[in-house]
Amino acid sequence: MSLNRDTRPPATLSRRLRQATLRALPHHLLSALMRAATRVRLAAWKNWQIRWFVHRYGVDMDLAEVRDPRAFEHFNAFFTRALRADARPVCGDDGLACPADGFMSAFGAIHDDTLLQAKGSHYSLSALLGGDPARAAPFRNGHFATVYLSPRDYHRVHMPLAGTLREMVHVPGRLFSVNEESVGAVPGLFTRNERVASLFDTARGPMAVVLVGAVFVGSIELVWAGPVAPARGVRTAVARTWPGEGPGAVRLERGAEMGRFNMGSTAIVVLPPGPLTWRADLAPGIPVRMGEALATLG
């Protein structure tokens, strides 16, 4: 049974108007402008941006590998900053490690090909992974966890389990906001937004980690491919495969960095059927941190 608690506010006229406005915005143009603005190296501009952001969102720079806000070459370098090596301990071998800092959006069981987006709203596993039913087949009736990264969060994404990269699928699409309000209001949001799905072979079977783009996300980067999305001129899903061993193989340990968002967004972890016990205190809306156990794997 999928676990979810509906914490969304009731629909109002102002909320519906905000969503209608969001649908009409030129998402990719706005994201391109944001990308340019956050990479300006002019000291006065980038230092002002960083100071404002640290104050506005209460960013704890003591956790950062580089603690001086003025030391970053531009705002995006600050935004995707590394943390101290001891800032995020990674859970043990029997745990499913949280892939990112953020808030739990939804988690639970996949019912055949259907995942929970928000109470009363669901979406297709096959669509999430690029529209190929064969790619989704190993995960049917499995498990999923969705983590929302807010602007104040650490924006690197890490491996929930150790794994060997098998396939990467870039799926073009819109760039709706992925905040709580939008997730509750835009049907199939995670299958409409641009996204990158990475599929791994692990000791516990296949695993997919999907990085979902959003408005103002300058790009999604992966450690083995560099910047991947957004990409101009891409109209259909593009899949690439990697060798399981030898030259070119990509093997990442549990807790290793796999990618990053160049603004806030969402990471979805998908697992096949099998023994799994969610953490007792886990609930939608609670803060989570990269490396902590979301579940115990049997």
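Conventions adopted
Residues numbered from 1 in each chain as written. Predicted model: local features only at pLDDT ≥ 70, side-chain atom pairs only at ≥ 80, totals over all residues. Heavy atoms only, no water. Pairing = 2+ DSSP bridges. Helix = DSSP H or I, 4+ residues; strand = E, 2+ residues; numbered from the N terminus. Axes fitted to C-alpha atoms, helices over the stretch in contact; angles between N-to-C directions. Patch = residues over 30% accessible without salt bridge, like charges linked within 9 Å, V, L, I, M, F, W, Y side chains within 5 Å. Areas by Shrake-Rupley, 256 points an atom, 1.4 Å probe, with all protein chains shown as cover. Salt bridge = Lys/Arg side-chain N within 4 Å of Asp/Glu carboxyl O.

## So, the sheet that holds strand S1 (residues 95-97)
An order of S1-S18-S16 is seen for the three strands of this open sheet, with the pairing classed as antiparallel. Of all strands in the sheet, those with a lone pairing partner are S1 and strand S16 (276-278), marking the two edges. If you compare each strand with its neighbour and ignore which way they point, the axes differ by 30° on average. Examined bridge by bridge, S16 and strand S18 (residues 293-297) share three bridges and lie antiparallel to one another. The residue of S18 that forms the bridge with Leu-276 is Leu-297.

## Concerning the environment of Pro-284
The topology assignment puts Pro-284 in the loop between S16 and strand S17 (287-288). Between the alpha carbons of Pro-284 and Thr-146 there is a distance of 9.2 Å; along the sequence they are 138 residues apart.

## A word on a nonpolar patch on the surface
A contiguous nonpolar patch, built from Val-40, Leu-42, Trp-45, Trp-48 and Trp-52 and spanning about 520 Å² of accessible area, is present on the exposed surface. With respect to the element layout, Trp-52 can be found in helix H3 (residues 43-57).

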